[in-house]
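Residue-level structure breakdown
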Amino acid sequence: AIFRKVLACPKTAMLSLSPAFVPSLQPHPSAPSGQRSWPSSQRPAGQPDSSASSLRRPGQGQATLATTAAGAALLLLARRRSARAALVGGARRSRGQAAAAPLRRRVATSEVALAKVEEPVDDDDDDFGGSCSIWSDERVEIDATLLKQPWSTLIDKVVAIDGKSVRACRKGAKQVATLGPASASAEMLERLFLCGVDVFRLNFSHGEHDEKLELIKRIRDLEAKYKHPICILADMQGPKQRCGKFADEKGVDLESGQTFRFDLDPALGDAQRAQLPHPEILTALTPGKSLLLDDGKIRMRVERKGYTYQGKDMFLEPGQDPPSSDAKECAPFIMCLVEVGGKLSARKGVNTPDVVLAISPITPKDLEDIKFASRNDVDWIALSFVQRHEDMMELRALVDSFCKGGHTPKLLAKIEKPSAVEDLPAILRESDGVMVARGDLGVEMNPEEVPFVQKDMILQALAASKPVIVATQMMESMIFSPSPTRAECSDIANAILDGCDAVMLSGESAVGKYPLECVEMQRRVIMAAERQEAGKRLQTEGRGLQRKIRFPPTLRPPDVAPGNAILASAVSLAEGMGAKAIVCFTATGRSVERLVQFRPSMPVLAVCPCLETARFLSLYRGVYATSDPATQALASRVNTDGPGSVRSSEAIDVACKLARNNGLISKEDEWIVVICRLPLFTQGPLNVIRIANASGPGYSAVSAL
């Protein structure tokens, strides 16, 4: 029984044991949730006193498990599966590496050889991958004492069919909340989660790794308390270009029409010149290019470009090269015309909207942050200031090198430069998702163009089956006000109607005075927009109502690919019969990613044997993933007893139970649509659709297609 529960996930190469399975292994009080270590009094001889992550990689922690008889047997099975995964992974890598191409640049501090590896096209929902975490019990209800708190009216709750109050799983678009001083406590994290937050964003522009590790621990503790997978997004700072300091601490006033010089001289600036300590910018800029300062408040245009060589300033004519490429020997400078003046003070940001800088967006600080995030239970890593798709290739190579076969975070590209907008199709191919970072994008592009770029990005991401987050200033006024402006509500609603997967709060939840009210108001706008969208998709046909199925641009009927036919049929069936949910059994999440393309109007319950899969799927629109003991038990039977050991009725029974426990079903005569592959959790495409009553497979009206 221990083996069957622990080996629940068919992807497992090494699992951490839950205290419910092996009572002698108890969590150390100082260890983060989901991580297990021994108290010093129970630690076996020779075992170091350190927390062992639940995301163990093959070979890691083997001495730990081998100290018990159960551990020794588990190690034998785990090693066999690890060897099989390594064989398959090696074969895939060899096929991909044959077409490897070098990247155009690398991070200066990294010694990793970066090469483009083409992944083989595979539509199967296979069972190969890294290690995973498991739970030992089922989702619990919201504490009655919390429901009596003054802020409890903001909670997004629903009463399940058994009378328990649980966190609701009904809205489509997800909510991303940035953590900061106003929201970092365990108490506030729980309140934000109960009010509707699905993804917590860790902003690596601020704070130290110890602070981030404590936040991760608190989130995982919260997740374990409610048995509700929570997604964590690590947002990298990226390169920050800033001007130098001025002799006058208050800065200088620049007049429109005057000439201003930027150079590498560290001397304090004045009204005629200032230092720009970024030779890559001075080298890349040419006459006619734009330069924006202080978030676009000051705009300049380059008139002339030159170099200081042997103590003399030399201007270059178009097409002329400098006498030396060494910035120290031949220091570049630019002469700019101030088009829009204003006060310029020390260390203000500099943007170059119409040039691609020959630098990596991964700074030495980012490198350490990426390494930290890759090894500390983070589900998504966002890269700032992406310019070209090669930047995402560089990030993926780094993350793969840090994870070394274990759980690998998904990668999200922040689109905030015009060059990234132009290269968006290739960026989507190299990333797992994108973010419309409208702050810097609005600085580097004309503001009137940003709404249409947003719509186009969402459409392209939907066609590529990649999630897209819309961010920046969504409810900015609620940092200081308990209610939003009407324009902010319209902004959120339009993002939802455009089809985005998630909307993000930045300062509103990080430093705002009303983080709970902000999350609740954002949720209300989301649900109102989705009700409007659902109403427009209803059309009258005879006596009944049938919903129009919105096919993604790449999946227009009748040209639906065979691999997606089962998904399209499931959505059509669910919409036509008014099903309350679509339940999809998936080992890797690929089937759910494709299912979301069809934007079903009802929630999608993703049943995953691996908790890491359930976590990253929590970012997708309408997806509520779970990894419960019953699912893990089915997967372990498939793994230990063979593919035919699980009957379809057992899977349907688990699906119905999960739909009831998660509050997706309010009456026993309501219906769900279940899609899976039989044999369950085996390699290959989905091949079964079933409609089931909430009572389970024993109900007489259950039918199969």
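Since the model is a prediction, treat every value here as computed from it, not as a measurement.

1. Notes on the overall build of the protein
- Counting its regular elements, the protein contains 20 helices and 29 strands.
- Within the protein, the fraction of its 705 residues that count as buried is 55%.

2. Observations concerning the packing of aromatic side chains
- Per the stated rule, a full pass over the model turns up five aromatic pairs.
- Plain terms: the ring middles of F193 and Y226 are 5.5 Å apart, the flat faces sit at 45 degrees to each other, and that makes the pair tilted. Residue F193 is located in helix α4 (residues 186-195), and its partner Y226 is located in helix α5 (residues 209-226); the two are separated by 33 residues in the primary sequence.
- The exposure class assigned to Y226 is buried, which follows from its relative accessible area of 3%.
- A centroid spacing of 6.1 Å and a plane angle of 65 degrees characterise the contact between F585 and F681, whose relative ring orientation is edge-to-face. Remark: F681 occurs in the loop between β27 (671-676) and β28 (688-693) and F585 occurs in strand β24 (residues 581-585); sequence separation between them is 96 residues. Side by side, F585 and F681 carry an identical accessibility label, which is buried.
- Over the ring of F193 we find R167; its NZ or CZ atom is 4.8 Å from the centre of that ring.
- Seen from the ring of F204, K212 lies directly overhead, with NZ or CZ sitting 5.4 Å from the centre.

3. Re the packing of α4 against α5
- Taken N-terminus to C-terminus, the directions of α4 and α5 make an angle of 50 degrees; their axes are 10 Å apart at the nearest point. With respect to their mutual orientation, α4 and α5 come out oblique. Crossing angle aside, the handedness with which α4 passes α5 is right-handed. For the pair α4 and α5, the contacting residues are A186, L189, E190, F193 and L194 in the first and R218, I219, L222, K225 and Y226 in the second.

4. Describing the sheet that holds strand β17 (residues 380-383)
- Read around the closed barrel, the eight strands follow the order β5-β6-β7-β17-β18-β19-β20-β21; overall the barrel is parallel. Strand-to-strand, the axes of this sheet are offset by a mean angle of 25 degrees, without reference to chain direction.
- Here strand β18 (residues 410-415) runs beside strand β19 (residues 433-437); their pairing, made up of four bridges, is parallel. Residue I415 lies in a different strand from β19, and its bridge partner there is V436.
- Across the face of the sheet, helix α8 (residues 389-403) comes into contact with β17 and β18 while running at roughly 150 degrees to β18.
- The strands that helix α12 (residues 450-463) touches are β18, β19 and β20 (468-471); relative to β19, the one it contacts most, it runs at about 175 degrees.

5. What about unusual backbone geometry?
- Looking along the chain, the bond that leaves L678 and enters P679 is cis, with omega of 0 degrees.
- Mapping P679 onto the fold places it in the loop between β27 and β28.
- At R347, a residue that is not glycine, the phi angle is positive and equals roughly 60 degrees.
- With respect to the helices and strands, the residue R347 is situated in the loop between β15 (342-344) and β16 (350-351).
- The class of R347 is partly exposed, set by a relative accessible area of 43%.
- If you check the backbone angles, T472 has positive phi at about 90 degrees while not being a glycine.

6. So, the environment of V525
- Within the secondary structure layout, V525 lies in helix α15 (residues 515-536).
- When the C-alpha atoms of V525 and I492 are compared, they prove to be 6.9 Å apart, with 33 residues separating the residues in sequence.
- Setting aside its immediate chain neighbours within four residues, V525 contacts C489, I492 and A493.

7. What to know about helix α20 (residues 648-661)
- Over its 14 residues, α20 runs 20 Å from end to end, which matches the ideal 20 Å to within 8%, given 1.5 Å per residue.
- Of the residues making up α20, those classed as buried are E650, A651, I652, V654, A655, C656, L658, A659 and R660.
- Here the buried face of α20 lies against β24, β25 (604-607), β26 (623-626), α19 (629-641), β27 and β28.
- Just downstream of α20, G663 is the residue with a positive phi angle, here 75 degrees.

8. Some thoughts on the pattern of salt bridges
- One pass over the full model with this rule turns up 35 salt bridges.
- D263 is paired through a salt bridge with R261; the nearest N and O atoms lie 3.0 Å apart. Assigned by exposure class, D263 and R261 land together as buried.
- A single network of salt bridges, built from pairs that share partners, joins R220, E223, D377, D379, E612 and R615.

9. A few points about the nonpolar core
- Among the nonpolar cores identified, the biggest contains 77 residues, and F200 and V434 are the most heavily contacted of them.
- Here this core takes seven residues from α15, the largest share from any one element.
- If sequence neighbours within four positions are ignored, V434 has contacts with L412, A413, I415, L424, L428, M457, A461, P467, V468 and I469.
- Formed by 42 residues, the second largest nonpolar core is a distinct cluster that contains C231, I469, A502 and I582.

10. Structural notes on the packing of α5 against helix α7 (residues 364-374)
- Remark: α5 packs on α7, axes separated minimally by 12 Å, with the N-to-C direction vectors making an angle of 25 degrees. As the angle between them shows, α5 and α7 are arranged roughly parallel. The interaxial crossing formed by α5 with α7 has right-handed handedness. For the pair formed by α5 and α7, the contact residues are H209, K212, L213 and I216 on the first element and E368, D369 and F372 on the second.
- Residues that form the contact of α5 with α7 fall into these classes: three nonpolar, one polar and three charged.

11. Topic: the pairing of strand β5 (residues 174-178)
- Most of β5 is tucked away, with five of its five residues classed as buried.
- The side-chain alternation of β5 yields two buried faces, one formed by K174, V176 and T178 and the other by Q175 and A177.
- Taken together, the four bridges between β5 and strand β21 (residues 502-505) define a ladder with parallel strand orientation. Paired with A177 across the two strands is L505, which belongs to β21.
- In this structure, β5 lies alongside strand β6 (residues 199-203), joined through three bridges in parallel fashion. Each bridged residue has a counterpart across the sheet, and for V176 the counterpart in β6 is V199.
- The parallel pair β5 and β6, bridged by α4, forms a crossover whose chirality is right-handed.

12. Section: the environment of E329
- Along the chain, E329 falls in the loop between β13 (312-315) and β14 (330-340).
- As for E329 and Q310, which are separated by 19 residues in sequence, their C-alpha atoms are 7.6 Å apart.
- If we skip the residues at most four places from it in the chain, E329 touches T308, Y309 and S324.

13. Quick notes on the pairing of β27
- Counting buried residues along β27, five of its six residues qualify, which places the element largely inside the surrounding structure.
- When β24 meets β27, the two strands line up parallel, connected through four bridges. In the sheet register, I582 faces β27, and the bridge partner there is V673.
- Across six bridges, the pairing between β27 and β28 is antiparallel. In the strand pairing of β28, W671 is matched with N693.

Cut-off values and rules
Chains are numbered independently. Their residues run from 1 in the order of the written sequence. It should be noted that, the model being predicted, local features are given only for residues of pLDDT at least 70 and side-chain atom pairs only at 80 or more, the latter also being counted only at that level, while totals for whole chains, interfaces and linings use all residues. Working from all heavy atoms in the structure, the side-chain values ignore hydrogens and water. Only DSSP runs of H or I covering at least 4 residues are called helices, and only runs of E covering at least 2 are called strands; the numbering of each starts at the N terminus. Only protein chains enter the accessibility calculation, which uses a 1.4 Å probe; a residue is then buried when its area is under 20% of its type maximum, exposed when over 50%, and partly exposed in between. Think of it this way: a Phe, Tyr or Trp ring, Trp meaning its six-membered ring, pairs with another when their centres are within 6.5 Å, and the plane angle makes it stacked under 30 degrees, edge-to-face over 60, tilted otherwise. We call a charge positioned above a ring when the Lys NZ or Arg CZ atom is no farther than 6 Å from the ring centre and deviates by at most 35 degrees from the ring normal. Every axis in this analysis is a line fitted to C-alpha atoms, fitted for helices over the stretch in contact. Angles between the N-to-C directions lie between 0 and 180 degrees. Orientation is classified from the angle alone, with under 35 degrees giving roughly parallel, over 145 giving roughly antiparallel, 65 to 115 giving roughly perpendicular, and any other angle giving oblique. Each crossing gets its hand from how the near helix is turned against the far one by less than a right angle, where anticlockwise is left-handed and clockwise is right-handed. We call two residues in contact whenever any of their non-hydrogen atoms come within 4.5 Å of each other. Any two strands are treated as partners once DSSP identifies two or more bridges connecting them. For a helix, the expected span equals 1.5 Å multiplied by the residue count minus one. Whenever a carboxyl oxygen of Asp or Glu lies within 4 Å of a side-chain nitrogen of Lys or Arg, that contact is scored as a salt bridge. Think of a nonpolar core as a cluster: buried Ala, Val, Leu, Ile, Met, Phe, Trp, Tyr and Cys residues, connected wherever their side-chain atoms sit within 4.5 Å. All residues other than Ala, Val, Leu, Ile, Met, Phe, Trp, Tyr, Cys, Pro, Asp, Glu, Lys and Arg, Gly among them, are scored as polar; the first ten of these are nonpolar and the last four charged. Classification remark: right-handed applies to a crossover when, strands pointing away from the viewer, the course from the first strand over the helix to the second runs clockwise.

In short, geometric facts, not functional conclusions.
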